[in-house]
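# Structure assessment
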Amino acid sequence: MSPRSPRALLPALVLGLTAPLTLLAPPATADAGPGETPVPRALTADGRPAKVGDVLKYCGSKRSACTFKIEPKLGREYVTSVKSLGNAVVNCTQSDMAVERTVNLRISSTDNIGGEISGKIAAEGTVSASGEVTTNLTNDITSENKTPNLKDGPTSTNGTKTGVAAGGKVAGSLSAKLAFEAAFKATYSRSWTIENTETTVYKSTVKAHDMLVFGASIAMRRVVGSLVADTGQRILNIAVDSPSSVSSSMFVAQTYATPTGLCNGTRPNGTTAPTPAPGPAPAPAPGPPSVAEVPAARAVPPGAEPKRVVELPADAA
(Lines give C-alpha, C1' and ligand atoms only; values in the text may rest on other atoms or scores of the structure.)
Protein backbone atom coordinates (compact mmCIF):
# COMPACT_ATOMS: atom_id res chain seq x y z
CA MET A 1 0.00 0.00 0.00
CA SER A 2 1.46 3.34 -1.03
CA PRO A 3 2.07 5.84 1.77
CA ARG A 4 0.94 8.62 -0.51
CA SER A 5 -2.59 10.02 -0.55
CA PRO A 6 -4.83 7.62 -2.50
CA ARG A 7 -7.05 10.34 -3.95
CA ALA A 8 -4.36 12.20 -5.80
CA LEU A 9 -3.57 11.57 -9.45
CA LEU A 10 0.90 10.54 -11.62
CA PRO A 11 5.86 11.29 -15.09
CA ALA A 12 5.89 9.48 -18.35
CA LEU A 13 3.13 6.98 -18.91
CA VAL A 14 4.72 3.89 -20.41
CA LEU A 15 1.68 1.74 -21.18
CA GLY A 16 -1.24 1.61 -23.54
CA LEU A 17 -2.82 3.75 -26.22
CA THR A 18 -4.31 7.20 -26.04
CA ALA A 19 -8.09 7.08 -26.13
CA PRO A 20 -10.67 9.87 -26.10
CA LEU A 21 -11.42 9.45 -22.42
CA THR A 22 -13.34 12.17 -20.65
CA LEU A 23 -10.99 14.35 -18.64
CA LEU A 24 -11.63 14.41 -14.93
CA ALA A 25 -10.87 17.29 -12.62
CA PRO A 26 -7.46 16.94 -10.92
CA PRO A 27 -7.22 17.02 -7.14
CA ALA A 28 -6.94 20.44 -5.55
CA THR A 29 -3.37 19.76 -4.40
CA ALA A 30 -1.94 19.38 -7.92
CA ASP A 31 -1.93 21.38 -11.14
CA ALA A 32 -3.12 19.98 -14.46
CA GLY A 33 -0.06 19.40 -16.63
CA PRO A 34 3.55 20.46 -16.07
CA GLY A 35 3.51 23.47 -18.37
CA GLU A 36 6.15 24.15 -20.98
CA THR A 37 9.45 22.34 -20.45
CA PRO A 38 12.32 24.83 -20.04
CA VAL A 39 15.28 24.72 -22.41
CA PRO A 40 18.62 24.02 -20.67
CA ARG A 41 21.31 26.67 -21.18
CA ALA A 42 25.03 26.24 -20.47
CA LEU A 43 27.34 29.12 -19.57
CA THR A 44 31.05 29.51 -18.93
CA ALA A 45 32.37 31.01 -15.70
CA ASP A 46 32.36 34.50 -17.28
CA GLY A 47 28.82 34.13 -18.63
CA ARG A 48 29.55 33.23 -22.26
CA PRO A 49 27.42 30.53 -23.98
CA ALA A 50 28.81 27.02 -23.64
CA LYS A 51 27.86 23.50 -24.64
CA VAL A 52 25.76 21.44 -22.23
CA GLY A 53 27.84 18.36 -23.07
CA ASP A 54 31.09 20.10 -22.14
CA VAL A 55 29.82 21.04 -18.69
CA LEU A 56 28.47 17.55 -18.11
CA LYS A 57 31.81 16.08 -19.16
CA TYR A 58 33.59 18.21 -16.60
CA CYS A 59 31.08 17.24 -13.92
CA GLY A 60 32.01 13.62 -14.57
CA SER A 61 35.75 14.26 -14.49
CA LYS A 62 36.09 14.07 -10.73
CA ARG A 63 34.07 13.48 -7.64
CA SER A 64 32.12 16.45 -6.30
CA ALA A 65 32.96 18.52 -9.37
CA CYS A 66 29.42 19.89 -9.53
CA THR A 67 26.56 20.74 -7.21
CA PHE A 68 22.86 21.04 -8.00
CA LYS A 69 20.92 24.09 -6.88
CA ILE A 70 17.14 23.56 -6.81
CA GLU A 71 14.76 26.49 -7.28
CA PRO A 72 11.80 25.40 -5.10
CA LYS A 73 9.54 28.18 -6.45
CA LEU A 74 9.86 26.77 -9.97
CA GLY A 75 8.92 23.21 -9.01
CA ARG A 76 5.38 21.90 -9.04
CA GLU A 77 3.18 18.92 -8.36
CA TYR A 78 1.02 18.14 -11.37
CA VAL A 79 -1.18 15.47 -12.93
CA THR A 80 -1.40 14.37 -16.53
CA SER A 81 -4.63 14.15 -18.47
CA VAL A 82 -6.37 10.79 -18.40
CA LYS A 83 -4.66 8.24 -20.68
CA SER A 84 -6.09 4.87 -21.65
CA LEU A 85 -4.39 1.69 -20.50
CA GLY A 86 -4.39 -1.38 -22.71
CA ASN A 87 -7.48 -2.63 -24.51
CA ALA A 88 -11.21 -2.09 -24.14
CA VAL A 89 -13.18 -5.11 -22.87
CA VAL A 90 -16.19 -5.54 -25.19
CA ASN A 91 -19.24 -7.63 -24.24
CA CYS A 92 -20.99 -8.67 -27.46
CA THR A 93 -23.26 -11.18 -25.70
CA GLN A 94 -26.87 -10.73 -24.59
CA SER A 95 -25.94 -11.31 -20.93
CA ASP A 96 -24.06 -9.43 -18.25
CA MET A 97 -20.39 -10.28 -17.96
CA ALA A 98 -18.31 -10.26 -14.76
CA VAL A 99 -14.90 -8.64 -15.13
CA GLU A 100 -11.97 -8.68 -12.72
CA ARG A 101 -8.82 -7.00 -13.86
CA THR A 102 -5.52 -5.94 -12.33
CA VAL A 103 -4.10 -2.79 -13.93
CA ASN A 104 -0.45 -1.86 -13.47
CA LEU A 105 1.02 1.56 -14.13
CA ARG A 106 4.78 2.03 -14.34
CA ILE A 107 6.21 5.55 -14.36
CA SER A 108 9.82 6.59 -14.93
CA SER A 109 11.79 9.78 -14.45
CA THR A 110 12.84 12.01 -17.34
CA ASP A 111 15.00 15.11 -17.63
CA ASN A 112 15.78 17.67 -20.32
CA ILE A 113 19.55 17.07 -20.50
CA GLY A 114 19.58 13.72 -22.26
CA GLY A 115 18.90 11.46 -19.29
CA GLU A 116 22.04 12.49 -17.41
CA ILE A 117 20.04 12.63 -14.17
CA SER A 118 17.12 10.27 -14.77
CA GLY A 119 19.08 7.67 -16.77
CA LYS A 120 20.36 4.46 -15.22
CA ILE A 121 23.76 4.48 -13.54
CA ALA A 122 26.42 3.50 -16.06
CA ALA A 123 28.62 1.63 -13.60
CA GLU A 124 27.61 -1.70 -12.11
CA GLY A 125 27.15 -1.35 -8.40
CA THR A 126 25.53 0.79 -5.77
CA VAL A 127 26.02 4.51 -5.27
CA SER A 128 26.62 5.48 -1.68
CA ALA A 129 25.91 8.82 -0.05
CA SER A 130 29.59 9.73 -0.29
CA GLY A 131 29.48 9.59 -4.07
CA GLU A 132 31.44 6.37 -4.39
CA VAL A 133 30.49 3.29 -6.37
CA THR A 134 30.83 -0.18 -4.90
CA THR A 135 31.69 -2.71 -7.62
CA ASN A 136 33.51 -5.97 -8.26
CA LEU A 137 36.15 -4.63 -10.63
CA THR A 138 39.44 -6.50 -11.05
CA ASN A 139 42.40 -5.92 -13.31
CA ASP A 140 45.32 -8.36 -13.40
CA ILE A 141 48.51 -7.32 -15.23
CA THR A 142 51.40 -9.73 -15.62
CA SER A 143 54.62 -9.54 -17.63
CA GLU A 144 57.26 -12.15 -18.29
CA ASN A 145 60.93 -11.23 -18.37
CA LYS A 146 62.88 -13.48 -20.75
CA THR A 147 66.33 -12.12 -19.91
CA PRO A 148 68.47 -14.18 -17.51
CA ASN A 149 68.19 -13.27 -13.88
CA LEU A 150 70.96 -14.88 -11.88
CA LYS A 151 69.13 -14.54 -8.61
CA ASP A 152 65.75 -15.89 -9.73
CA GLY A 153 66.92 -18.24 -12.46
CA PRO A 154 67.14 -18.05 -16.26
CA THR A 155 63.71 -16.47 -16.54
CA SER A 156 61.50 -14.53 -14.15
CA THR A 157 57.88 -13.44 -14.08
CA ASN A 158 56.98 -10.11 -12.60
CA GLY A 159 53.37 -9.12 -12.11
CA THR A 160 51.13 -6.52 -10.60
CA LYS A 161 47.57 -6.94 -9.50
CA THR A 162 45.26 -3.99 -9.10
CA GLY A 163 41.59 -4.17 -8.48
CA VAL A 164 38.55 -3.63 -6.37
CA ALA A 165 37.02 -6.69 -4.79
CA ALA A 166 33.60 -6.92 -3.22
CA GLY A 167 33.20 -4.18 -0.67
CA GLY A 168 35.91 -2.01 -2.20
CA LYS A 169 35.18 1.38 -3.71
CA VAL A 170 35.87 3.27 -6.88
CA ALA A 171 35.53 7.03 -6.84
CA GLY A 172 32.27 7.93 -8.57
CA SER A 173 32.06 10.47 -11.36
CA LEU A 174 28.27 10.47 -11.66
CA SER A 175 28.22 14.03 -10.46
CA ALA A 176 25.04 15.23 -12.20
CA LYS A 177 22.92 12.41 -10.82
CA LEU A 178 24.45 12.38 -7.36
CA ALA A 179 24.34 16.15 -7.04
CA PHE A 180 20.64 16.14 -7.91
CA GLU A 181 19.87 13.35 -5.44
CA ALA A 182 21.64 15.20 -2.63
CA ALA A 183 19.91 18.48 -3.43
CA PHE A 184 16.50 16.81 -3.64
CA LYS A 185 16.87 15.18 -0.25
CA ALA A 186 18.15 18.39 1.35
CA THR A 187 15.34 20.49 -0.16
CA TYR A 188 12.36 18.18 0.32
CA SER A 189 13.58 16.01 3.23
CA ARG A 190 12.80 12.84 1.30
CA SER A 191 14.51 10.59 -1.21
CA TRP A 192 14.09 11.06 -4.94
CA THR A 193 12.07 8.32 -6.68
CA ILE A 194 13.45 7.33 -10.09
CA GLU A 195 10.72 4.85 -10.96
CA ASN A 196 7.39 3.92 -9.44
CA THR A 197 4.77 1.21 -10.05
CA GLU A 198 1.14 1.57 -8.99
CA THR A 199 -1.58 -1.06 -9.19
CA THR A 200 -5.32 -1.31 -8.83
CA VAL A 201 -7.76 -4.24 -8.96
CA TYR A 202 -11.23 -3.64 -10.38
CA LYS A 203 -14.23 -5.97 -10.20
CA SER A 204 -17.30 -5.01 -12.18
CA THR A 205 -20.19 -6.19 -14.35
CA VAL A 206 -20.24 -5.18 -18.00
CA LYS A 207 -23.74 -5.06 -19.46
CA ALA A 208 -24.61 -6.62 -22.82
CA HIS A 209 -23.18 -4.62 -25.73
CA ASP A 210 -21.18 -2.35 -23.42
CA MET A 211 -17.42 -2.01 -23.23
CA LEU A 212 -15.07 -1.20 -20.38
CA VAL A 213 -12.04 1.08 -20.81
CA PHE A 214 -9.35 1.68 -18.17
CA GLY A 215 -7.44 4.91 -17.85
CA ALA A 216 -5.14 6.66 -15.41
CA SER A 217 -4.15 10.19 -14.50
CA ILE A 218 -0.51 10.31 -13.51
CA ALA A 219 0.78 12.18 -10.43
CA MET A 220 4.15 13.79 -11.14
CA ARG A 221 6.59 16.25 -9.65
CA ARG A 222 8.73 18.64 -11.68
CA VAL A 223 11.95 19.97 -10.13
CA VAL A 224 13.84 22.83 -11.82
CA GLY A 225 17.34 23.95 -10.98
CA SER A 226 20.93 24.47 -12.10
CA LEU A 227 24.04 22.29 -12.18
CA VAL A 228 27.03 24.38 -11.08
CA ALA A 229 30.67 23.32 -11.45
CA ASP A 230 33.44 24.30 -9.06
CA THR A 231 35.02 26.23 -11.96
CA GLY A 232 31.97 28.50 -12.26
CA GLN A 233 30.56 27.01 -15.45
CA ARG A 234 26.96 25.89 -15.13
CA ILE A 235 23.82 24.56 -16.80
CA LEU A 236 20.64 26.54 -16.13
CA ASN A 237 16.98 25.50 -16.50
CA ILE A 238 17.40 21.78 -15.84
CA ALA A 239 13.98 20.15 -15.41
CA VAL A 240 13.48 16.70 -13.90
CA ASP A 241 10.04 15.06 -14.00
CA SER A 242 9.64 12.11 -11.64
CA PRO A 243 6.87 10.20 -9.85
CA SER A 244 5.29 12.34 -7.17
CA SER A 245 6.38 11.45 -3.66
CA VAL A 246 3.31 13.02 -2.02
CA SER A 247 0.44 12.07 -4.35
CA SER A 248 -0.79 8.88 -5.98
CA SER A 249 -2.10 8.34 -9.46
CA MET A 250 -5.80 7.85 -10.04
CA PHE A 251 -7.20 5.02 -12.14
CA VAL A 252 -10.46 5.45 -14.03
CA ALA A 253 -12.85 2.71 -15.22
CA GLN A 254 -15.23 4.01 -17.91
CA THR A 255 -18.15 2.15 -19.50
CA TYR A 256 -19.28 3.02 -23.03
CA ALA A 257 -22.05 1.73 -25.26
CA THR A 258 -20.55 -0.48 -27.97
CA PRO A 259 -20.43 1.43 -31.28
CA THR A 260 -22.56 0.18 -34.15
CA GLY A 261 -20.82 -2.57 -36.10
CA LEU A 262 -18.31 -3.52 -33.42
CA CYS A 263 -20.50 -6.44 -32.30
CA ASN A 264 -21.96 -7.05 -35.76
CA GLY A 265 -25.31 -5.57 -34.73
CA THR A 266 -27.77 -6.79 -32.11
CA ARG A 267 -28.38 -10.51 -32.38
CA PRO A 268 -32.01 -11.73 -32.28
CA ASN A 269 -33.34 -13.28 -29.08
CA GLY A 270 -35.23 -16.54 -28.57
CA THR A 271 -37.23 -17.71 -31.57
CA THR A 272 -37.12 -14.42 -33.43
CA ALA A 273 -34.46 -15.73 -35.77
CA PRO A 274 -35.82 -16.54 -39.24
CA THR A 275 -36.55 -20.21 -40.05
CA PRO A 276 -33.89 -21.50 -42.45
CA ALA A 277 -35.01 -22.66 -45.88
CA PRO A 278 -34.86 -26.42 -46.54
CA GLY A 279 -31.77 -27.82 -48.13
CA PRO A 280 -28.09 -27.00 -47.74
CA ALA A 281 -27.11 -23.41 -47.25
CA PRO A 282 -23.78 -21.67 -47.28
CA ALA A 283 -22.05 -21.41 -43.93
CA PRO A 284 -22.50 -18.00 -42.36
CA ALA A 285 -19.50 -15.72 -42.26
CA PRO A 286 -17.80 -15.84 -38.89
CA GLY A 287 -18.73 -12.89 -36.70
CA PRO A 288 -16.67 -11.22 -34.01
CA PRO A 289 -16.16 -13.09 -30.75
CA SER A 290 -18.86 -12.62 -28.14
CA VAL A 291 -16.31 -11.27 -25.67
CA ALA A 292 -13.38 -9.40 -27.16
CA GLU A 293 -10.57 -7.02 -26.33
CA VAL A 294 -9.81 -4.35 -28.88
CA PRO A 295 -7.54 -1.28 -28.78
CA ALA A 296 -9.33 1.44 -26.86
CA ALA A 297 -8.31 4.13 -29.33
CA ARG A 298 -10.16 2.24 -32.10
CA ALA A 299 -13.17 1.14 -30.04
CA VAL A 300 -14.14 4.46 -28.48
CA PRO A 301 -15.42 6.97 -31.07
CA PRO A 302 -14.03 10.51 -30.80
CA GLY A 303 -16.17 12.62 -28.51
CA ALA A 304 -18.04 9.65 -27.04
CA GLU A 305 -19.44 10.20 -23.56
CA PRO A 306 -19.09 7.34 -21.06
CA LYS A 307 -22.24 5.87 -19.54
CA ARG A 308 -20.49 5.25 -16.23
CA VAL A 309 -17.26 6.41 -14.60
CA VAL A 310 -15.63 4.86 -11.53
CA GLU A 311 -12.57 6.46 -9.93
CA LEU A 312 -10.15 3.98 -8.38
CA PRO A 313 -7.26 4.77 -6.02
CA ALA A 314 -3.84 3.46 -6.89
CA ASP A 315 -2.45 0.47 -4.98
CA ALA A 316 -5.96 -0.75 -4.22
CA ALA A 317 -6.34 -4.40 -3.31
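Refer to the preceding data block for the structure.
In this text, all values refer to a predicted model and were calculated from it rather than measured experimentally.

Bringing the packing of aromatic side chains into the picture now. On inspection of all chains with the given rule, the structure shows 5 aromatic pairs. Between phenylalanine 180 and phenylalanine 184 the ring centres are 6.1 Å apart and the planes differ by 45°, which places this aromatic pair in the tilted class. With phenylalanine 180 and phenylalanine 184 both in helix H2 (residues 175–188), this residue pair falls 4 residues apart, about one helical turn. An identical accessibility class is assigned to phenylalanine 180 and phenylalanine 184; each is buried. With centroids separated by 5.7 Å and ring planes inclined at 85°, the aromatic side chains of tyrosine 202 and phenylalanine 214 adopt a geometry described as edge-to-face. Note that tyrosine 202 is positioned in strand E15 (residues 195–206) and phenylalanine 214 in strand E16 (residues 210–217), a separation of 12 residues in sequence. In this structure phenylalanine 214 comes out as buried when scored by relative accessible area, which is 2%. Through a chain of ring-to-ring contacts, the aromatic side chains of Phe68, Phe180, Phe184, Tyr188 and Trp192 assemble into a single cluster. Over the ring of tyrosine 188 we find arginine 221, and its NZ or CZ is 4.3 Å from the ring centre.

We now examine the side chain of glutamate 77. Among the structural elements, glutamate 77 can be located in strand E6 (residues 76–79). Of note is the side chain of glutamate 77, whose polar atom sits 2.7 Å from the side chain of arginine 221. A polar atom in the side chain of glutamate 77 sits 2.6 Å from the side chain of serine 244.

Taken in spatial order, the 5 strands of this open sheet run E20-E7-E16-E19-E21, and their pairing is antiparallel. The two strands at the open ends of the sheet, each matched to only one other strand, are strand E20 (291–295) and strand E21 (308–313). On average, each strand axis in the sheet is inclined to that of its neighbour by 20°, with strand direction left out of account. Relative to strand E19 (residues 250–257), E16 runs antiparallel, the two sharing 8 bridges. Note that in E19 the partner of alanine 216 across the bridge is phenylalanine 251.

About the cut-offs
Residues numbered from 1 in each chain as written. Predicted model: local features only at pLDDT ≥ 70, side-chain atom pairs only at ≥ 80, totals over all residues. Heavy atoms only, no water. Phe/Tyr/Trp six-rings, centres within 6.5 Å; stacked < 30°, edge-to-face > 60°. Helix = DSSP H or I, 4+ residues; strand = E, 2+ residues; numbered from the N terminus. Buried < 20%, exposed > 50% of the residue type's maximum accessible area, 1.4 Å probe, protein only. Lys NZ or Arg CZ within 6 Å of the ring centre and 35° of its normal. Polar contact = N/O pair within 3.5 Å; in protein donor to acceptor, adjacent residues only side chain to side chain. Pairing = 2+ DSSP bridges. Axes fitted to C-alpha atoms, helices over the stretch in contact; angles between N-to-C directions.

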